[in-house]
Amino acid sequence: MPIANAWVFTETKFKAEEFLKNTGNMYRLVSQRPYVSKKEPDEKGVTLTLSIAKDNTDYGFDKKTGLKRDNNILNTFDVTVLNGLEHISVQKGDYVRLIDFIQEKSFVIGFDLILRFRDVEKINVQTK
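Procedures and definitions
- Residues numbered from 1 in each chain as written.
- Predicted model: local features only at pLDDT ≥ 70, side-chain atom pairs only at ≥ 80, totals over all residues.
- Heavy atoms only, no water.
- Core = buried A, V, L, I, M, F, W, Y, C linked by side-chain atoms within 4.5 Å.
- Buried < 20%, exposed > 50% of the residue type's maximum accessible area, 1.4 Å probe, protein only.
- Helix = DSSP H or I, 4+ residues; strand = E, 2+ residues; numbered from the N terminus.
- Contact = heavy atoms within 4.5 Å.
- Pairing = 2+ DSSP bridges.
- Salt bridge = Lys/Arg side-chain N within 4 Å of Asp/Glu carboxyl O.
- Phe/Tyr/Trp six-rings, centres within 6.5 Å; stacked < 30°, edge-to-face > 60°.
- Lys NZ or Arg CZ within 6 Å of the ring centre and 35° of its normal.
- Axes fitted to C-alpha atoms, helices over the stretch in contact; angles between N-to-C directions.

A. Molecular detail of the nonpolar core. Ranked by size, the top nonpolar core spans 22 residues in total, and within it Tyr27, Leu48, Leu50, Phe77, Val79 and Leu98 carry the most contacts. Considering every element that reaches this core, the biggest residue donor is strand E2 (residues 44-52), with four residues. Discounting chain neighbours no more than four positions away, the residues touching Leu50 are Tyr27, Arg28, Leu29, Val30, Asn75, Thr76, Phe77, Val79, Val96 and Leu98.

See below:
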């Protein structure tokens, strides 16, 4: 009989360096909320919902339709910045970059990404 609930013992790594490079490490802030770890209460920060502004990844073609797969521009994702702050001084719609990915506190479970970074900073973007 196979191991029951084997997923508890498996982990999948997120290729943060490749993701940051392909997206230009430039994201638009959608929202933010305070974060406190349930397991480690002194682990605090801000959970950000970010929209992807740029994506140079080649996702290839869909085998069923033969059509080119779409990129992630305008899609959103959540990331937690463990910087000890309850709020960052960035407004909705501003652009930010993520700093210092924390591999040991980040996980991929199924299609869910739990991404942790040490910091975030506002960047100035020239819009057309």
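B. Layout of the pairing of strand E4 (residues 95-101). Note: strand E1 (residues 27-36) against E4, two bridges, orientation antiparallel. The residue of E4 that forms the bridge with Tyr27 is Val96.

C. Fine view of the pattern of salt bridges. In total, this model carries eight salt bridges according to the counting rule given. The partner of Glu40 in a salt bridge is Lys105, and the shortest N-O contact between them spans 4.0 Å. Within this pair, whereas Glu40 is found in the loop between E1 and E2, its partner Lys105 is found in the loop between E4 and strand E5 (107-109), the two being separated by 65 residues in sequence. Taking the relative accessible area as the measure of exposure, Lys105 reaches 26% and is therefore partly exposed.

D. Just the packing of aromatic side chains, in detail. Scanning all chains against the criterion turns up six aromatic pairs. Aromatic side chains Phe14 and Phe101 sit 6.2 Å apart centroid to centroid with 50 degrees between the ring planes, which places their arrangement in the tilted category. Within this pair, whereas Phe14 is found in the segment before helix H1 (16-22), its partner Phe101 is found in strand E4, the two being separated by 87 residues in sequence. With relative accessibility at 15%, the residue Phe14 sits in the buried group. The exposure class of Phe101 is buried, given its relative accessible area of 18%. A ring pair is formed by Phe19 and Tyr27, whose centres lie 5.9 Å apart and whose planes are at 5 degrees; its orientation type is stacked. The exposure classification of Phe19 matches that of Tyr27, with both residues buried. In this structure an aromatic cluster arises from ring pairing among Phe14, Phe19, Tyr27, Phe77, Phe101 and Phe117. Sitting above the plane of the Phe61 ring, Lys68 keeps its charged end 5.6 Å from the centroid.

E. Representation of the sheet that holds strand E7 (residues 116-123) in the model. Read around the closed barrel, five strands run E1-E2-E3-E7-E4, paired in mixed fashion. Strand-to-strand twist of the sheet, defined as the mean angle between neighbouring strand axes without regard to direction, takes the value 40 degrees. As defined by bridge partners, strand E3 (residues 76-81) adjoins E7 across two bridges and the pair is classed as parallel. Within the sheet, the bridge partner assigned to Thr80 lies in E7 and is Arg116.

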